[in-house]
Amino acid sequence: MGFARACSVALVGVEGVVVEVQADLEPGVAAFSLVGLPDKSLIESRDRVRAAVVNSGAEWPQKKLTVGLSPASVPKSGSGFDLAVACAVLGAAERIDPAAIADVVMIGELGLDGRVRPVRGVLPAVLAAAEAGYEQVVVPEQTAGEAALVPGVSVLGVRSLRQLIAVLCDEPVPEEPVEGQGRPDAMLAGLMIPGTGLGTGLAPAAGRGDGHRPDLADVAGQPRPRQALEVAAAGGHHLLFSGPPGAGKTMLAERLSSILPPLTRQESLEVTAVHSVAGILPPGEPLVARAPYCAPHHSATMQSLVGGGNGMPRPGAVSLAHRGVLFLDEAPEFSGKALDALRQPLESGHVVVARAAGVVRLPARFLMVLAANPCPCGRHTLTGAGCECPPSVVRRYQARLSGPLLDRVDLRVEVEPVDRADLLGQGGRGESTASVAARVREARARAAERLAGTPWTTNSEVPGHELRTRLLVAPGALAAAERDLERGILTARGLDRVLRVAWTVADLRGADRPDASDVAVALELRTGIQRGVPMGAGQR
């Protein structure tokens, strides 16, 4: 009897569980059994592994073979177990020393000719292996850079099973020719998910190597919406743009991700892990360094927004926008069920998706931007524009954004039509993305210094209790906000959000704490009611 074991990783959402792949050979009729709660693609690995081993020059054992995936209670899916299954079988057949593979984590799909093909989710899989104490990982050559992002792990990138056998047996490593030079690498097809719509809406503003990034100076006029955009970026506040078509709501939202600070190392690993599992990580870019931008179409379903799909749930748009911007253009056209599903991740920073195949917790800490027209035709707020929408239709259209959802939006700004002087450039160009981004970085640094030693890094994350007890504003600064609370204009949650915005406005102007003018700016941005605050208030 021969026995050997290797290790691989099963992904549950964006979290990994180390799986021990055990191979057992017994005398008897030649057969291959795979047990341990595998899915259809994993069951098919029996044929892939057999052909790959034979075509790699090794002998397939003609005995009763049983391969077990432990723990058996964890659902396992995908083709990333092929490499570990093949090495466990060869170890049981004594072609490979079983001791050489016992503590090695192997991730990769095998082609019938023995080539090792890349799979999705390598980064979260290697992170799970490192947390479990494993120090050696074998991955496909194309994803070795992604796996090397995890510190403390020795990564071996292989091109074929033949090369891996040679390395494990201390034999000369054969050279594998690179096929298809001069055209896209067909091996990278396993890293992407074509036609599923998961990557739809990822804007070129996120930087995909084309060299063009939309600049905030391209936006004509709109001083108040630009100020709201800067406040949203500095404090991580959710934002609603409402106004007629063509006023520049989409242009402003597309430029928000470019003024956000670069991601920290930990944030980059979180975003890269989600994008790797979702199959939208660009080849050649193993680490996402800038804040992502995701703009799903208004026909998106609830499952595509928060996550779901057949079998084990997959990341949705809220997870693809993790640590970045989620832009919902034509927000009232989204289904009410899909919009209300955003209420939980807006508060908690994660989404829990429960399906028959299991429960998955996905990260979803994003900055949400909503854009809405005032009525179905969009001309309701324009004087003399000829809006023919009945009042009942206008009310019903505006009511599609529910009160509980809007209560979680810190900034609500009316975007007015651009006048002729601004549109023709007679008023001069506005500030560029670089200058605004510099102020945002300074404000973020000031907030991070104030919040040092706490689990929060931005003003939007600070609980209301802390704002009312420890982080106090200037005396008398909350008089106007308290009056709005008594009149019912503000809710208790709304007052907390006004305090958060006021701290961000104070950070932007370099103040130690908010005063009455900062609270007035926050109230105007929160309620949309003009309060006579100067346009430059809150900025240096």
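For clarity, every value in this text was computed on a predicted model and none was experimentally measured. (Residues numbered from 1 in each chain as written. Predicted model: local features only at pLDDT ≥ 70, side-chain atom pairs only at ≥ 80, totals over all residues. Heavy atoms only, no water.)

### Quick word on the overall build of the chain
Stated precisely, the cut-off is as follows: Helical segments are the DSSP runs of H or I of at least four residues, strand segments are the runs of E of at least two, and each set is numbered from the N terminus. In what follows, residue pairs with any heavy atoms lying within 4.5 Å of each other are defined as contacts. Throughout, the Shrake-Rupley method with a 1.4 Å probe supplies accessible areas, and for residues the shown protein chains are the sole cover considered.
Across its full length, the chain carries 23 helices and 16 strands. Contacts in the chain between residues far apart in sequence, at least 24 positions, make up 73% of those at least 6 positions apart. For the chain, the exposed area adds up to about 23200 Å²; of that, 52% sits on carbon and sulfur atoms.

### A look at the sheet that holds strand β15 (residues 367-372)
Pairing between the strands of a sheet is mediated by backbone hydrogen bonds and can be parallel or antiparallel. Just so we agree on the cut-off: When DSSP finds two or more bridges between a pair of strands, those strands are recorded as paired.
The sheet built from five strands is open, its strands ordered β11-β12-β15-β10-β16 with parallel pairing. Edge positions in the sheet fall to β11 (293-294) and β16 (411-414), since each of these pairs with one other strand and no more. Judged from the four bridges that link them, strand β10 (residues 239-242) and β16 form a sheet pairing that is parallel. Following the sheet pairing, Phe241 is matched in β16 by Val413.

### Side note on the side chain of Ser56
Where we set the bar: Here the term buried applies to any residue with accessible area under 20% of the maximum for its type, exposed to any over 50%, and partly exposed to those in between, with areas from a 1.4 Å probe on protein chains only.
Note that Ser56 resides in the loop between α2 (45-55) and β4 (64-70). On the basis of relative accessible area, Ser56 is assigned to the buried category, the value being 11%. Not counting chain neighbours up to four residues away, the residues in contact with Ser56 comprise Gly114, Leu161 and Arg162.

### As for the packing of aromatic side chains
For any pair of aromatic rings, geometry is given as the distance between the ring centres together with the angle between the planes. What counts, and what does not: We call Phe, Tyr and Trp rings a pair once their centres come within 6.5 Å, taking the six-membered ring for Trp, and we label the pair stacked below 30 degrees between planes, edge-to-face above 60, and tilted otherwise.
For the structure shown, the criterion picks out two aromatic pairs. Ring centres 5.7 Å apart and planes at 45° place the aromatic pair Phe32 and Trp60 in the tilted group. Of this pair, Phe32 sits in strand β3 (residues 31-35) while Trp60 sits in the loop between α2 and β4, and the two are 28 residues apart along the sequence. On the basis of relative accessibility, which here comes to 9%, the residue Phe32 falls in the buried class. For Trp60, a relative accessible area of 10% gives the class buried.

### Here we look at the state of the cysteines
Put simply, the rule reads: Cysteine sulfur pairs qualify as disulfides if the two atoms are within 2.5 Å.
If you walk through the whole model with that rule in mind, you get zero disulfides. The structure places no disulfide on Cys169, whose sulfur is separated from the nearest cysteine sulfur, that of Cys87, by 9.4 Å. Of all cysteine sulfurs, the one in Cys375 lies closest to Cys377, which takes part in no disulfide; the gap is 3.4 Å. For Cys377, a relative accessible area of 24% gives the class partly exposed.

### Regarding helix α3 (residues 82-92)
Within α3, eleven of the eleven residues are buried, which leaves the element mostly enclosed by the surrounding structure. Taken together, the buried positions of α3 are Asp82, Leu83, Ala84, Val85, Ala86, Cys87, Ala88, Val89, Leu90, Gly91 and Ala92. Looking at the residues trailing α3, positive phi occurs at Glu94, about 65°.

### Some thoughts on the pattern of salt bridges
Basically, it comes down to this: Just to be clear on terms, a salt bridge is a Lys or Arg side-chain nitrogen sitting within 4 Å of an Asp or Glu carboxyl oxygen.
Applying the stated criterion across every chain, the model contains 27 salt bridges. Residues Arg400 and Glu333 are paired through a salt bridge, measuring 3.5 Å at the closest nitrogen-oxygen approach. Taken together, the positions of Arg400 in the loop between α16 (391-398) and α17 (403-406) and Glu333 in the loop between β12 (325-328) and α14 (336-340) put the pair 67 residues apart, joining distant regions of the chain. Here Arg400 falls in the partly exposed class, since its relative accessible area comes to 40%. A salt bridge links Asp507 to Arg450; the nearest nitrogen and oxygen atoms lie 2.9 Å apart.

### What to know about the pairing of strand β1 (residues 2-12)
Along any regular strand the residues' side chains alternate between the sheet's two faces. Examined bridge by bridge, β1 and strand β2 (residues 15-26) share eleven bridges and lie antiparallel to one another. Note that in β2 the partner of Ala6 across the bridge is Val21. Taking the residues that link successive antiparallel strands as the turn, the β1-β2 hairpin has two residues, and the phi of Gly13 there is positive, at about 70°.

### Remarks on the confidence of the model for the chain
Note the threshold: pLDDT is a residue-level measure of predictor confidence that goes from 0 to 100.
Residues of the chain with pLDDT of at least 70 account for 90%, and the chain-wide mean is 87. Confidence over residues 203-210 falls short of pLDDT 50; this stretch has 13 contacts with residues more than four positions distant or in other chains.

### Some details on the packing of helix α8 (residues 223-235) against helix α22 (residues 492-508)
To be explicit about the condition: Here an axis means a line fitted to C-alpha atoms, over the contact stretch when the element is a helix, while the angle between two N-to-C directions is reported on a 0 to 180 degree scale. An angle below 35 degrees is read as roughly parallel, one above 145 as roughly antiparallel, one from 65 to 115 as roughly perpendicular, and any other as oblique. Residues are grouped as follows: nonpolar covers Ala, Val, Leu, Ile, Met, Phe, Trp, Tyr, Cys and Pro; charged covers Asp, Glu, Lys and Arg; every other residue, Gly included, is treated as polar.
Here α8 crosses α22 at 100°, and the two axes come no closer than 9 Å. Our classification of the angle between α8 and α22 gives roughly perpendicular. Contacts from Glu230, Val231, Ala234 and Gly235 in α8 reach Val501, Thr504, Val505 and Leu508 in α22. The residue makeup of the contact of α8 with α22, split by class, is five nonpolar, two polar and one charged.

### Some words on unusual backbone geometry
Of the consecutive residues Ser70 and Pro71, the connecting peptide bond is found in the cis state with omega at 5°. Its location among the elements puts Pro71 in the loop between β4 and α3. For Leu37, which is not glycine, the phi dihedral falls at a positive 65°. Mapped onto the elements of the fold, Leu37 is located in the loop between β3 and α1 (40-43). Phi is positive for Glu94, which is not a glycine, with a value near 65°. Relative to the helices and strands, Glu94 resides in the loop between α3 and α4 (98-101).

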